[in-house]
Structures are given as structure tokens and as C-alpha cells.
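Here is how the chains run, residue by residue.
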Amino acid sequence: MKIEEFQEVLFAKGREAGFTEMEIYYANGRSISVSVLKGEIDAYKIVESGGLSFRGLIGGKMGYSSTERLDNESIAYLLDEAGSNAEVLENEEPEELFAGSGHYNSVNTYSASLIKTSPDQLIEAALAMERIALSADHRIDMVRRSAASVSESEVRIVNTKGLNCHRKHSSASASIYVLAKESKDAKETVTGGWFDFSLRSFDDIDLEAVALTGVREAVSKLGGATVQSDNYPIILRNDAATSLLSSFTSVFSAESVDKGFSRLKGKLGEQVAGSNISIIDDPLMENVPSSKSFDAEGSATERHELIKDGRLLTFLHNRKTARKAGVPSTANAAKGGYKGMVEVSHHNLYIAPGTASLTEIIRGTERGILIVELQGLHAGTNATSGSFSLAAIGYLIEHGEIVRPVNQITVSGNFFELLNGIETIGNDPRFIGSCTSPTLKIGSLSVSGA
């Protein structure tokens, strides 16, 4: 049964059963992925997943249920289950369905032809990247993974109060991960990888660039050594800076603030970062993978400046946290899946870029370390306190030049203090996920090495 017909029958039978208000949240996705190893197909997967959650008001109480199937049996199950648990659930506060926003911006993130990319094209792409990587440099010991994929997904939220939101998303990606050694007998092995995507066509991805960048990322780390423990000026390349920012995005969630898990609590309107720092959540940006026109509650999304010129302007809210704080929702409701609880999350959060290129930032550094990879982000960061202590890989800079690779170091600091110590912001944000940072140069961070 198609989702539109399923929803109409469900609501009709729900009214007959005594439900006065009803809502469905439907999510569905399909992906095709291929990876190769040593010239052979290592994995070929077609994955389809999704389902529907239902909530309905009956006898003045809200009940919930969900299903993976769209058929008549599921309709009866959804209504029975929601009716039963409405009798026993004790809601902390009355829930009401949202009738929808007055206006929704248009965000184009879907190409119907993308999922029709032939499996043969994906296989040949993965094989081509493997061949390019192996022939690019004799120090490439192995291509551990060369992969290509396409996917599409949709979300539909409909309720009896008039809300009717629908969006579709599609993407294609290609990635490679390689191992490099100076020689076959060398003990040191380093790794490197790269990834690129397109929201329109798999043909838009430059496969050679993906493969060669992955190779450069690996071989440039050969011969790395630690450094003397000290405080160093640190350049976090855009990917490393993005990793660090991603670990602390929860500090902007009103949910975290309300629970006391953010040091930003009580600081709205105050200067919390350097005047050169602005942090934005923009779900309406073109050609970025996390753009969307509505959130998980059906609220129309908008661009929000969380920090402007160092001053904290707002937290991220869903309807519940906004109601509690007495402010409008920022349309940042999020669900981990169709059965997930409504939480708060960013859509497309980023640090506003500066004007300096990475090359210019390196040239302007007399002595310092360029960090390109941070490890142990889950265990080595504390979002509540802001502290971090992370293993890192990068390059030593002397007199404005990279002189050698660096490994076996740990870089430590505090995220909130870091926001006040950024000297230079790069012009190179790379929007490949829901959180992005350009390259950042920090005046001083503690580095533990030899």
C-alpha cells in the first residue's frame, strides 16, 4: 500500500476508533553500495529500511505505536497499540499536534535519476580508484577500501490538524582508504583516505581526485616522529577542526543547557568567543548534504546565528524546549529514525569562514604544528566542561614551511577557551556533513610528545 493511501485509511479508521487527533511520521530509505579489494568485488549491498510511527489522542491522552509495514493489518495494530498505551502512559505535560508553519522555504536536495546509477558504474568507479591509487605511488602498500554508493531517502509528516510536510534527499559518494610504507620490509605503516559526494549525479564526482588525494594523505605521513612536549601554535586543518567542533555541538542545544550539560547556560547575550567568531546553523544552504526545509516536528527551518562576532545570540530549540524557555522554536527538532524520540540537534552548523588560505596560514607561522587528524574523539572530549585531550597526527612547521610529519602526540585544551584563542580563520570550509569548520589557527595549545 502506498503511504498516501495508508495514511488516509489509518486516519479514517482512527476516527472510528475514537482518536480525536492523529499524526504519522514516515521515513524510508534505499542505498546501493559497492566496495572492492585487490581488483575483486569485496561487498555489494542493497539496503532498504524505514517505517512509520503513529501518535494519536484518545480519551484526552496521547498514545504511540510504530510499524515497518504498510498494510491493513498494520493499521489495526497501530490503532490498538496506541489506544492501549495511551491508557497507561503518564505524560509529563500535555502534548498537542502542530498545525504547521505559515511558510516553508524550498530546498532542492533530490535527483530522481541518482538512485538509478547502474551498479556496473559503481563497480567500475571503485575499481578505477583502486587502480589509480596503486599506480600513483610505489609506496602504496595496499588499498584497504575503495567504495562507491548512491542513496535516497524521504520523510513525510502528516496530521489531522493540517500539517503535511514531505521531503526527499539523494546523494552519491566515492571514498578510498589506503596503507603506505617506504618499502615492503619497512615496519612503519601509515594510512590515509579521502571522500567526495554529489547531490545531483555520480558523474559529478572526480574519482581521480579522490584516489590521488587519499594517496597524498597517506604518503605525506611517512617518516613521522613525535615532538618535544611544549605549548605550540596549532593549525587545525578544516577536517580536524570539523571533528573537534562536531564533538561540542551539543553545547548549543537548549536541551543540554536545560539539563546543565553546557557551560553556555545563562550566557545568552554575553561574549563567549573571540570577536572574529560567528557560528551559524543554516539548513537552507544550497548543495550541502544536510539541508532541509522542515524539522522532525514539521516546523519550517530557518538560518540562525548562534554566535555572532563572539556574542551568544540563541540556543537551538525544538517546540518543547522553546515553550519551556518562553521563546520561539528554532526548528531544530530531530529524530534518530521513525521510532526515535524528538530531541534537539543542529542541521548544518558551521563556523563562518575567514579569508586566509591554508598555505597563507602556514606561511604566517614561525613555529607550530599543523593537525590533520584527531583520534579518540569519543573518549577524549567532555562536552560539559569543554576539555579535550586527543591523539593527533600532523606536520611540524618551522619558518613558515612544513618540515616533517608528526605523530605520537597528544593535543590538549578546552573548547570554550579555544573559541577565544583563534588567531586566524581559513577560507576553506568543506561542507560534507552536518557540521563544518574552516581551518583554524589557535595561538597556543598544550602538546605532549617526547
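Every value quoted in this text rests on a predicted model; they were computed, and no experiment measured them.

Turning our eyes to something else, we now look at the sheet that holds strand β5 (residues 164–180). Strand order in the open sheet made by the six strands is β3-β2-β1-β4-β5-β6, with antiparallel pairing throughout. Because the sheet does not close on itself, it has two edges, and the strands there are β3 (61–67) and β6 (190–198). Each adjacent strand pair in this sheet contributes to an overall mean axis angle of 15°, direction not counted. For strand β1 (residues 21–37) and strand β4 (residues 140–159), the ladder comprises 14 bridges, and the chain directions are antiparallel. Looking at the pairing, valine 36 lines up with serine 146 of β4.

This paragraph deals with a nonpolar patch on the surface. On the surface, a cluster of nonpolar side chains totalling about 280 Å² of accessible area is made up of Ile41, Tyr44 and Ile46. Along the chain, isoleucine 46 falls in strand β2 (residues 40–58).

Domain boundaries in the protein define domain 1 (114–154 + 165–220), domain 2 (230–246 + 353–449) and domain 3 (263–347). A C-alpha centroid distance of 33 Å is found between domain 1 and domain 3. Facing the six residues of domain 1 at the interface are seven residues of domain 3. Between domain 1 and domain 3 the total buried area reaches about 640 Å² when both faces are included, carbon and sulfur atoms providing 64% of it.

All right, on to the UniProt feature "domain: Metalloprotease TldD/E central" (unreviewed entry) in the protein then. UniProt's feature table lists "domain: Metalloprotease TldD/E central" (unreviewed entry) at residues 116–222, given in the numbering used throughout. Taken end to end, residues 116–222 is 29% helix and 43% strand, and its two terminal C-alpha atoms sit 40 Å from one another.

This part takes up the sheet that holds strand β18 (residues 435–436). With mixed pairing, the five strands of this open sheet are ordered in space as β10-β9-β8-β13-β18. Of all the strands in the sheet, just β10 (311–312) and β18 have a single pairing partner and so form its edges. In the sheet, strand β13 (residues 349–351) pairs with β18 via two bridges, with the strands oriented parallel. Within β18, the position partnered with tyrosine 350 by the bridge is threonine 436.

What follows concerns the UniProt feature "domain: Metalloprotease TldD/E N-terminal" (unreviewed entry) in the protein. Taking the UniProt record as the reference, the feature "domain: Metalloprotease TldD/E N-terminal" (unreviewed entry) is found at residues 23–86. In residues 23–86, the share of helix is 23% and the share of strand is 64%. The end C-alpha atoms are 14 Å apart.

The sheet contact formed by strand β7 (residues 230–236) and strand β14 (residues 367–375) spans three bridges and is parallel. Residue leucine 236 lies in a different strand from β14, and its bridge partner there is isoleucine 371. Both β14 and strand β15 (residues 387–398) contribute to a ladder of eight bridges, which runs antiparallel. When the sheet's bridge partners are listed, arginine 367 is paired in β15 with glutamate 398.

This part covers the nonpolar core. The biggest cluster of nonpolar side chains holds 48 residues, and the ones touching the most others in it are Leu236, Phe252, Ile279, Ile369, Ile371 and Leu374. Split by domain, this core shows at least three residues from each of two domains, domain 2 (230–246 + 353–449) and domain 3 (263–347). One finds Val36, Ala148, Val150 and Ile205 within the second-largest nonpolar core, a separate group that totals 31 residues.

Criteria and thresholds
In this convention, every chain numbers its residues from 1, walking through the sequence in written order. Given that the model is predicted, a residue must reach a pLDDT of at least 70 before its local features are reported, and side-chain atom pairs must reach 80 or more before they are shown or counted; all residues, however, enter totals for whole chains, interfaces and linings. Side-chain numbers here rest on the full set of heavy atoms in the structure, without hydrogens or water. What makes two strands pair is DSSP finding at least two bridges between them. Each helix is a run of DSSP H or I of at least 4 residues and each strand a run of E of at least 2, with the numbering of both proceeding from the N terminus. What counts as an axis is a line fitted to C-alpha atoms, over the stretch in contact for a helix, and the angles between N-to-C directions run from 0 to 180 degrees. Residues form patches when they are more than 30% accessible in relative terms and have no salt bridge. Like charges link within 9 Å. Nonpolar side chains (Val, Leu, Ile, Met, Phe, Trp, Tyr) link within 5 Å. Each accessible area is a Shrake-Rupley estimate made with a 1.4 Å probe; only the visible protein chains count as cover when residues are assessed. In the sections that follow, a salt bridge refers to a side-chain nitrogen of Lys or Arg positioned within 4 Å of a carboxyl oxygen of Asp or Glu. Just so you know, the domain bounds were taken from an automatic or database domain assignment. Residue contacts are defined here by distance: any two heavy atoms, one from each residue, within 4.5 Å place the two residues in contact. Buried area is calculated as the accessible area (1.4 Å probe) missing from two parts once they are joined, with the contributions of both summed. UniProt positions are given in the numbering used here, feature names are shortened, and annotations may be inferred rather than shown by experiment. We define the nonpolar core as a collection of buried residues of types Ala, Val, Leu, Ile, Met, Phe, Trp, Tyr and Cys that are connected through side-chain atoms lying within 4.5 Å of one another. Exposure categories follow from relative accessible area, calculated using a 1.4 Å probe and restricted to protein chains: below 20% of the type maximum is buried, above 50% is exposed, and the middle band is partly exposed.

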